[in-house]
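Listed below are the residues making up each chain.
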Amino acid sequence: MSAPDQPMVRIRSVRKRFGSLEVLKGIDLDVPAGEVVCVVGPSGSGKSTLLRCVNRLESIDSGRIWVNGELMGYAERGGRLHALRPHELSRQRRGIGMVFQRFHLFPHRTAIENVMEGPVTVLGTPAAQARRQAEELLERVGLADRAHHYPSQLSGGQQQRVAIARSLAMRPSLMLFDEPTSALDPELVQEVLAVMRDLAATGMTMMVVTHEMNFAREVGDQLVFMDDGVVVERGDPREVLAAPRHERLRAFLGQVQ
Amino acid sequence: MTPERAAGVELPIEAVRPVRPGRWLGAAVALLFLVWLAYTIIVNENLHWDVIVAYLADGRILGGLWVTIQLTVLSMAIGLALGVLAAVMQLSDNPVLRGTSALYTWFFRGTPLLVQLIFWFNIGLVFPTFAVGLPFGGPKLIEWQANAVITPFTAALLGLAINEGAYMAEIVRAGIRSVDPGQREAAESLGMSHRQVLRRVVLPQAMRVIIPPTGNQFISMLKTTSMVSVIAGAELLTVAQRIYLGNFEVIAMLMVASIWYLVLTTIASVGQHFVEKRFERGHVRLSSRVRRNLSPLPAKEPPPSKEPS
């Protein structure tokens, strides 16, 4: 599919507006395969919108986004862009896992049924095989004993770990995390970050919108600071966080730490 | 009881309840009223209880009962299908589909059911024949006489089902809208198609909101079928009317029909209760939530990472 030297995610000149409000004002960003890119910034900076544009939960107004070498949302034929049909879009989304701030587990299904849902419904995996795979994934996020609990019977941290397992069940080549710990009680944040840390160690390519600067420092390969729809500063998280060059980043770090 | 509170001593509450004379009086009045009501009904000679009992299991009555059940179940099933279709159209991005659905609910909720029933029964006056072929005056492949196709039963079914669909559309639409948009996004992120999102994620959750009013519609439909008597639909009320036109036992026959309607609605109410419980899956009430949090099982396990990173 993709050449080994090209980045997993390539974002070029992406603009996005909601009505009269321009939330992304020309974003360029590369996420090399196997790396963890942490996107930070104040609320309203456009970081969540950028993430949602990558798997096309939001459409973009201009620019290009490639994932795994594939142009997202469009096909280029005869020098013109053709918007993809819904089923082609669904196929593109399969390879991209998404973890939401508010989990969005399917409340009418148990933990293991949530994890099985994608493979069985979308990939047509036989139920027995999907169940075995789901059991392994729940084991991996430390929830084997909660397989038959409904989401409402799980704590926020447990729900988020099930949500991560549900995304992994599709064997994605890219994982997107949209503020995965922001809705959690403080004592539950670490169990989710631990799962993400393990996942990064397996070489998964990850884009993480977060306020967890320690996570960015320990796990991130690249830190991207966004403010007001533009990328203000980027680089090695340890260097950027130790010596921020821009006043806006210094002000932001002063507020979150 | 000793006044000092030693550790581990139980202090049970055995309080005397306050006397509430007003409530006792109200209960006594209500009971007296019920006894008087039962008495006047039972001893009333004009009610002809012997006739009522004799006709309860009459063959014609049971036949009418069966038609009532058929009409209710079929028109609810067709109405539900029409309602889902209209609701999905209503939520579409396409203005023509939205408009068609809006026109449907507007027209059939805006005209009396009684008028619709009489209209369907007399549709032969507007369209003497039905044909399969090309529209706008093109050649026809098969043709039927309207008067042969439109029996009282088919007219009743058409009227009830199409009218019901207009009401079900609103109920289904409200149900679909009640589902958190994040659910749709999560399903789409897994790569589900629109159809899969609707069938696997949105509709099952919408059901929780759709079921209770649908149960009410079903119970209401059991009784609404009696309107079909204006076109001689051969259901319970029509049959009862036919009998009392012969034997003049008007009140007794209406009592027979009412008893059967009560039996049907009671069974339906019990069924509704169980169906609602079925669709409560995954929704935990506060009491069980508290029990979960206080259960001896560890609510929080140690973080799952095996090796320190």
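This is a predicted model, so every value here is computed, not measured. (Residues numbered from 1 in each chain as written. Chains lettered and ligands numbered in written order. Predicted model: local features only at pLDDT ≥ 70, side-chain atom pairs only at ≥ 80, totals over all residues. Heavy atoms only, no water.)

Participant: Can you tell me about the overall build of chain A, naming the residues and giving the values?
Facilitator: Tallying secondary structure elements over chain A gives nine helices and 12 strands in all. By its C-alpha atoms, chain A is 50 × 50 × 40 Å across when sized along the principal axes. The contacts of chain A with a sequence gap of at least 6 include a subset with a gap of at least 24, amounting to 64%. Of the accessible surface of chain A, which amounts to about 10,600 Å², a share of 46% is contributed by carbon and sulfur atoms. Once the 32 positive and 31 negative side-chain charges of chain A are each reduced to a mean point, those two points are 7 Å apart. (Helix = DSSP H or I, 4+ residues; strand = E, 2+ residues; numbered from the N terminus. Contact = heavy atoms within 4.5 Å. Areas by Shrake-Rupley, 256 points an atom, 1.4 Å probe, with all protein chains shown as cover. Lys, Arg positive; Asp, Glu negative; His and termini not counted. Charge placed at Lys NZ, Arg CZ, Asp CG, Glu CD.)

Participant: Please set out the packing of aromatic side chains residue by residue, giving values where relevant.
Facilitator: This model, assessed by the stated rule, comprises five aromatic pairs over all chains. For the ring pair Phe225 of chain A and Phe252 of chain A, a centre distance of 5.4 Å and an interplane angle of 40° mean the geometry is tilted. With Phe225 of chain A in strand β11 (residues 222–227) and Phe252 of chain A in helix α9 (residues 247–256), the pair connects residues that are 27 residues apart, well separated along the chain. The class of Phe225 of chain A is buried, set by a relative accessible area of 1%. Arranged with centres 5.1 Å apart and planes meeting at 80°, the rings of Phe107 of chain B and Phe108 of chain B form a pair that is edge-to-face. The exposure class of Phe107 of chain B is partly exposed, given its relative accessible area of 40%. Through a chain of ring-to-ring contacts, three or more aromatic side chains come together here, namely Tyr104, Phe107 and Phe108 of chain B. (Phe/Tyr/Trp six-rings, centres within 6.5 Å; stacked < 30°, edge-to-face > 60°. Buried < 20%, exposed > 50% of the residue type's maximum accessible area, 1.4 Å probe, protein only.)

Participant: If you had to explain helix α4 (residues 95–110) of chain B to someone new, which residues and values would you point to?
Facilitator: Residues and elements named next belong to chain B. Taking 1.5 Å per residue as the helical rise, α4 with its 16 residues ought to reach 22 Å, and the 22 Å between its terminal C-alpha atoms agrees with that figure. The complete set of buried residues in α4 reads Ser101, Tyr104, Thr105 and Phe108. Down the axis of α4, the smallest arc covering the buried residues is 90°, so these residues share one side. The outward face of α4, more than 90 degrees from its buried face, is lined by the exposed residues Pro95, Val96, Leu103, Trp106 and Gly110. (Expected span 1.5 Å × (residues − 1). Arc of directions from axis to C-beta.)

Participant: Which residues make up the nonpolar core, and what values do they have?
Facilitator: Soluble, globular proteins show a tendency: their nonpolar side chains are buried together. Ranked by internal contacts, the top residues of the largest apolar core, which has 69 residues, are Ile11 and Met207 of chain A. Of all the elements, helix α7 (residues 152–177) of chain B adds the most residues to this core, at 11 residues. Excluding anything up to four places from it in sequence, Ile11 of chain A contacts Ile27, Asp28, Leu29, Asp30, Leu50, Val54, Arg64, Ile65 and Met207 of chain A. In this structure, Ala134, Leu188, Val208 and Leu241 of chain A belong to the second largest nonpolar core, which totals 50 residues. (Core = buried A, V, L, I, M, F, W, Y, C linked by side-chain atoms within 4.5 Å.)

Participant: Break down the side chain of Glu117 of chain A for me, with residues and values.
Facilitator: Secondary-structure assignment places Glu117 of chain A in helix α3 (residues 111–123). When near neighbours in sequence (up to four residues on either side) are disregarded, Glu117 of chain A contacts Phe106, Arg109 and Val122 of chain A together with Met192 and Arg200 of chain B.

Participant: I'd like a rundown of the confidence of the model for chain B, residues and numbers included.
Facilitator: Detail in the predicted coordinates should be disregarded across regions flagged by low pLDDT. Residue and element names in this part refer to chain B. Averaged over all residues, the pLDDT of chain B is 87; the fraction at 70 or higher stands at 88%. Note that residues 296–309 has pLDDT below 50 and, in this model, 28 contacts with residues that lie over four places away or in other chains. In the predicted complex, the global pTM is 0.79; the interface-specific ipTM is 0.92. (pLDDT = per-residue confidence, 0-100.)

Participant: I'd like a description of the pattern of salt bridges, backed by residues and values.
Facilitator: Taken as a whole and judged by the stated rule, the model has 17 salt bridges over all chains. Linking Arg91 of chain A and Glu70 of chain A is a salt bridge whose minimum nitrogen-to-oxygen distance equals 3.4 Å. Taken together, the residues Arg91 of chain A in helix α2 (residues 86–94) and Glu70 of chain A in strand β5 (residues 70–71) connect sequence positions 21 residues apart. In this structure Arg91 of chain A comes out as partly exposed when scored by relative accessible area, which is 42%. A salt bridge links Arg173 of chain B to Glu170 of chain B; the shortest N-O distance between them is 3.2 Å. Of this pair, Arg173 of chain B and Glu170 of chain B both sit in helix α7, separated by three residues, roughly a single helical turn. (Salt bridge = Lys/Arg side-chain N within 4 Å of Asp/Glu carboxyl O.)

Participant: So, the sheet that holds strand β8 (residues 96–99) of chain A: which residues are in play, and what are the values?
Facilitator: All names here are of chain A. Overall, mixed pairing links the six strands, which are arranged β8-β9-β10-β3-β11-β12 in an open sheet. The open sheet terminates on both sides in strands that have one partner only, identified here as β8 and β12 (230–235). Going from strand to strand, the sheet's axes swing by 15° on average, the running direction of each strand aside. Note that β8 and strand β9 (residues 174–178) share four bridges and pair parallel. Each bridged residue has a counterpart across the sheet, and for Gly97 the counterpart in β9 is Met175. Contacts from α9 reach β3 (36–40), β11 and β12 within the one sheet, and its direction differs from that of β11 by about 100°. (Pairing = 2+ DSSP bridges. Axes fitted to C-alpha atoms, helices over the stretch in contact; angles between N-to-C directions.)

Participant: Describe the environment of Ala165 of chain A, and please don't skip the residues or the numbers.
Facilitator: Residues and elements named next belong to chain A. You can see Ala165 is positioned in helix α5 (residues 156–168). Taking the C-alpha atoms as reference, Ala165 lies 9.7 Å from Glu135; in sequence the two are 30 residues apart. In this structure Ala165 touches Val115, Leu137, Leu138 and Val141, once residues within four positions along its chain are discounted.

Participant: Just give me the short version of the packing of α7 of chain B against helix α9 (residues 194–224) of chain B, but keep the residues and values in it.
Facilitator: All names here are of chain B. Interaxial distance between α7 and α9 falls to 8 Å at its minimum, and their mutual angle equals 150°. As the angle between them shows, α7 and α9 are arranged roughly antiparallel. Of the two possible hands of crossing, α7 and α9 adopt the one that is right-handed. Within the contact between the two elements, α7 uses Leu160, Glu164, Tyr167, Met168, Ile171, Val172, Gly175 and Ile176 and α9 uses Val202, Leu203, Ala206, Val209, Ile210, Pro213, Thr214, Gln217, Met221 and Thr224. Tallied by class, the residues present in the contact of α7 with α9 amount to 13 nonpolar, four polar and one charged. (Parallel < 35°, antiparallel > 145°, perpendicular 65-115°, else oblique. Left-handed = near helix turned anticlockwise from the far one by under 90°. Nonpolar A, V, L, I, M, F, W, Y, C, P; charged D, E, K, R; others polar.)

Participant: So what's going on with the UniProt feature "domain: ABC transporter" (unreviewed entry) in chain A? Residues and values would help.
Facilitator: Feature annotation in UniProt places "domain: ABC transporter" (unreviewed entry) on residues 9–253 of chain A, given in this structure's numbering. Along residues 9–253 of chain A the backbone is 37% helical and 28% strand, and the end-to-end C-alpha distance reaches 26 Å. (UniProt positions renumbered as here; feature names shortened; annotations may be inferred.)

Participant: Describe the sheet that holds strand β4 (residues 62–67) of chain A, with residues and values.
Facilitator: Residues and elements named next belong to chain A. With antiparallel pairing, the four strands of this open sheet are ordered in space as β2-β1-β4-β5. At either end of the open sheet lies a strand with only one pairing partner, and these are β2 (21–31) and β5. In the sheet, β4 pairs with β5 via two bridges, with the strands oriented antiparallel. Of the residues in β5, the one forming a bridge with Val67 is Glu70. Against the sheet, helix α1 (residues 47–54) engages β1 (9–18), β2 and β4, with an angle of about 65° to β2.

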